[in-house]
Amino acid sequence: MSSTTLPQGARLHSFAGVGLRSLRARPLRSLLTTTGIVLGVGMAFGVLILVSTIHSTFSNLYGTIYGNTSLIVSGKASIGSVPASTLPKVRAVEGVKGVSGTVYGVYRIVEGSTVGSGQGSTLFVAGIDFAGPNTSGAKTVAGHEPKRGNEIELEQAWAKQQGYEVGDRMRLATPSGTASMVVGGLYAFQSSLDLGGYGTAAMPVATARRLTGKGGVWDEIDVIVAPGVSAEAVARRIEAITGPGVEVATPAGKGDEANESLASLDIVLYFFSGMALFVGAFLILNSFNMTVLQRIREIGTLRALGASRRRIAVSIVGEALILAAIGAALGLALGIGLAYVLAETMRSLFGLPVASLDVTAGAAAAAIAVGLLATVAGALHPALRAGRIPPIRALTGGGADSERPGLRRALAGLLLFLPGLAIGGLFWFSNGSGGSWSALVGVGSTVVMFVGMVLLAPFVVMPLIRLLAAPLRALMPAEGRLASDSLRANAMRTSATAAALVVTLSVVVVDGMMSSSFVGSIRDEVNARFARDFTVQPLDYSEYGPPSSGLAESLRRRIAALPGAGTVTPRRVVYMRQLPGGGQPGLMVAVDPAAWPKVDRSDYEGGSTAQVMAGMARGGVVLGKGYAEDVGLGLGDTLTLEGASRTRRAPVVGLLDTFEASGNEVMVSLTTLREVYGITTDSQLAVNASSPAKRGLLGTEVHRLVATSYPGVEAVSNAKVKQGYEDQINQQFAFFNAIIGIAVIVGLLGIVNTLSMSVIERTREIGVLRALGGSRWRIRRTMLDESLLISLGGCLAGIAAGLLVGFVWIVSVRESTLSALDIRVPTGTLIAIAILGVAMGTLAAIVPARRAAKLDPLQALTYE
Amino acid sequence: MEDGVDRSRFGRMAADLRQSADGAGAEPVLAAHALKRAFGSGATAVQALAGVDLAVAEGEMVAIMGPSGSGKSTLLHILGALDRPDEGSVEIAGRRYDDLGDRELTELRGDVFGFVFQFFNLLPTLTAAENVLLPALVNGERPGGRAARVDELLALVGLGDRAAHLPTELSGGEQQRVAIARALLREPTVVLADEPTGNLDSASGATVMGLLRRVVDGGQTVVMVTHDPSAAALADRVIFLRDGRIGGEVEGGDTDRVIDTFRGVEAGARARASA
């Protein structure tokens, strides 16, 4: 390089420098263009970090707490389902060196009279037989292993973080009341464990059984295989003696399983980051299309000087790549911040254990790669187009012919949009986490749908703008006309800008429509079904959250004994990774057929409530309607229940339209659950007063009982149950909305970008207007009107598209799984979007309008 | 990429052309035969060129005059490989190039022709020196090989001390002089100028024309479109276009003679039109 002598006054070493120079000369536009990439890459990187963090949390968890374990024997269905009698049988299997049974519980720490909330005060406690072999590989590093009944041993790092030492007292909120424990010792796993704040602890198994009410069962049995013996062979021998309801897996296999169950969450996250990249690429496309138009003479000059098509195209893509590189670097920084926020959200909203961020070079490389790819995808079309413009047309400025969207575009748009819409609806929201494959198809077809939407945008937006412009023209003939004519003359530019809005806002509408439909329908179902006065449940009860400990048996008896108590009946809920008969994850719900109709008014298909309950009492099952359709079972068919205790063939005696678990529900009697799965723990209690007049009295009594003796339990009204469901749905959608918000920001930037281009492009026209006596205010009005027309047109089209997509998707969800789902239009969201449209239009016009108004008429006239 | 200047097919052609110019010189370096070019279609179709023949000799300066819409710019664009004729052919040193593809035409523009435009068309983000250097960069050369040439050309056009200035810091006349230096950088066979004084005041215009004349006197071939008779008079030969055809021709040198001939062509055309 140093040998190169440059002419005086020149600092360019190659043609590439020319593009760089022009980027530097237009810092504002370069910045705006880069923003799309920054957000896109940031989003991708943040999501990649989050996903890999969540996964490594689980891998680390299974790798750490099973330090010495070769095999894990557990119920296929869920925790708490291996009969105690299984343990000696497993111990006797050839090749087994040692076995240890465990009973799990999750407890909140009680400080003073309040139950702590959040992860720092949540303990996962294993009840262990300390006389048995050490399957975890944990070593006691302070104090001693808990021997006496109320001793607990804490994981060292967590204890240090929370300030607990050996000998300290600690009170735990358990289903059977507050348990006062003493920290007997501290232990350390063979490698460090990071559960994002959750703590782990161990206590004698007898204590754990007493606290959780899990007598006679193990949650799991950990097996150490003798040296030199194949774990796989031992696993097969254990399976042979335990029967179909029991599962034997390696710790690694368990970790993989946990990770697999997160696959659909991953895909949702990838999808949203893909959306951000899509919009980012769109911004690049728009911006470079404008660049090409604006620099058409320059391109003509270069062509006349001997630049080939390729050189022009490469130069434009090169410029884009330079921006992409800067954008990607900033995007990585943003991504780390974003991942931090998302991880925090995951912890607090979903209760997922998420370790500290796992930032890998691979994720960074992947994020940069997709950012560059999106950039090239966005810049390629304008670049090729620039190369294709005949030099003579470029030189005479004739290349800026306004293209008009043609029939081919409309057809292509329809051919992408309609199938994308239909298939997306079928797969995207198909039955729960119906596997990553169907989610992938859903995501793919949704992307196809959006591409179709972009292609179709001009055919909807242009007529809308014409319509919106009519009153404007009537009010302000001159400015209104100018604004709308300019938009129509540049149909492609206008619709490109509007398309970014249509896509992003339609997602917001679909999202809002989905959430309001779910919330509304659930509200209706609760209103229709709940005949109970109170629900008693563990704090923060959730069928899907961390495994909760359930309720003490004593609680049911004590509530039933309260003055004014009528029906007090339990509901036992087991989350299953695989419901019997199918493969969907879902809930097995057990109730007392005799008492349940007194607290629940559900309508069953297959007979009167009494008949269905009688059938259930005889060992029958009631299936959620969507689930029954999925697995192809109807009334009278037989479903095989495979529990850890026994296998039983159960007739389908009823069908139920329900929202719970998206309809993936199997209802059985308490007896069936106990006999087949060995589960006897109450999850919730439905409580009725003996008469409506006693309701107030009973309420007071229940609250008092819970507050004094059962700190980990709450009694909630039906209104609160509804609120709880709503909050859960709203929070989940809020999480999506936050991500969608980023896409909306990108769309807004797109509008600002396009509008400022339009001012530059029309500098001379503005000069003429000013020369003819147009006031600054008038110019400003014109720009503002133009901006408002685009954003309002885009908003309305986005709302229309969103309503259409939402309608189709909700109908397909209703038809395929959730027959209880009703369509609700989120009026509030729509109004908010319309207001947002006006605000965006005004905001986007501020800078360009000022710039236009400030133009010196004389300079503008001679502007080249 | 080799660091060679004349590596392309037409680079060799340009070298051949220069050599053949040293020899014979009788053959026209640039020739057009029966050129026709129409724009648009149907009722709005315009016949810009309706059969034009032209031959330009090596080292000759030819000015093309004519009223607006006479087809003079179209002719220049076709000669400069920026556009293709509908019918007829163009040749450079006896080699036909109207039927070439975009790639070959691109090489031709880079290696054989130099362009000067009415609106200068300098890149606003590049300095004067960089604008002069641009054709080398566009054609993939290393800048070092042309460093001395850029300095020399800027000195030639009298802007040796403005090398580091941006176009916005130069007057119109100075910008056009930079453009002329740029057109000469790669020693083109023919320089094509489209209204080079059209956007300049008369003093700057005269400077620019004087510069072009000096270049021709140094052996360079120049074809120029202009509507300024005094600029045209500096050419060796002035050709008048009228409705897409050559309406007349006159030797340069005297502005009055050029004006008289131009008026004669116009009158003749009107007479034909009214007849």
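Look up a bit, the structure's there.
This write-up is about the structure you can find in this document. It should be emphasised that the depicted structure is a prediction, and the values quoted were computed from it without experimental measurement. (Residues numbered from 1 in each chain as written. Chains lettered and ligands numbered in written order. Predicted model: local features only at pLDDT ≥ 70, side-chain atom pairs only at ≥ 80, totals over all residues.)

So, the overall build of chain A
Along its length, chain A carries 27 helices and 23 strands. The contacts in chain A between residues at least 6 apart in sequence include a share of 86% that link residues at least 24 apart. (Helix = DSSP H or I, 4+ residues; strand = E, 2+ residues; numbered from the N terminus. Contact = placed C-beta atoms within 7 Å.)

Some thoughts on the overall build of chain B
Within chain B one finds 9 helices and 10 strands. For 275 residues, the compact-globule estimate of 2.2 N^0.38 gives 19 Å, and the C-alpha radius of gyration of chain B, at 19 Å, lies within 12% of that figure. C-alpha extents for chain B along the principal axes are approximately 60 × 40 × 40 Å. A buried classification covers 52% of the 275 residues belonging to chain B. Expressed as a percentage of contacts within chain B between residues at least 6 apart in sequence, the contacts between residues at least 24 apart total 67%. (Rg over C-alpha atoms; globule rule 2.2 N^0.38 Å. Buried ≥ 20, exposed ≤ 12 C-beta atoms within 10 Å, placed from the backbone.)

Digging into the pairing of strand β14 (residues 534–538) of chain A
Residue and element names in this part refer to chain A. With 5 of its 5 residues buried, β14 lies for the most part within the structure. Two strands pair when backbone bridges link them, and β14 and strand β22 (residues 684–689) are joined in this way by 3 bridges, in the antiparallel orientation. Within β22, the residue paired with Val536 across the bridge is Leu685. (Pairing = 2+ DSSP bridges.)

Comments concerning the nonpolar core
Core analysis: the biggest nonpolar cluster contains 330 residues, and B:Ile64 and B:Val223 have the highest contact counts within it. B:Val223 has contacts with B:Leu30, B:Val56, B:Val62, B:Ile64, B:Leu76, B:Leu79, B:Val190 and B:Leu192, leaving out every residue within four places of it along the chain. (Core = buried A, V, L, I, M, F, W, Y, C linked by C-beta atoms within 7 Å.)

A look at helix α2 (residues 72–79) of chain B
Residues and elements named next belong to chain B. Burial analysis of α2 places 8 of its 8 residues in the buried class, which makes it a mostly covered element. All buried positions along α2 are accounted for by Lys72, Ser73, Thr74, Leu75, Leu76, His77, Ile78 and Leu79. Of the residues flanking the end of α2, it is Ala81, one or two places downstream, whose phi is positive at about 65 degrees.

A look at the interface of chain A and chain B
Bring the parts together and some accessible area is lost; that lost area is often taken as the interface size. Across the contact, 30 residues belong to chain A and 34 residues belong to chain B. By residue number, the principal contributor to the side of chain A that touches chain B is helix α9 (residues 296–304) of chain A, which donates 5 residues.

What about the sheet that holds strand β2 (residues 46–57) of chain B?
All names here are of chain B. On the basis of which strands lie adjacent, the open sheet formed by 4 strands has the order β2-β1-β4-β5 and antiparallel pairing. Every interior strand has two partners, whereas the edge strands, β2 and β5 (95–96), have only one. Bridge count between strand β4 (residues 87–92) and β5: 2 bridges; the pairing is antiparallel. The residue of β5 that forms the bridge with Ile92 is Arg95. Along the sheet face, α2 touches β1 (28–39), β2 and β4 and points at about 125 degrees away from the line of β1. (Axes fitted to C-alpha atoms, helices over the stretch in contact; angles between N-to-C directions.)

Note that all results are geometric; they support no functional claim without further evidence.
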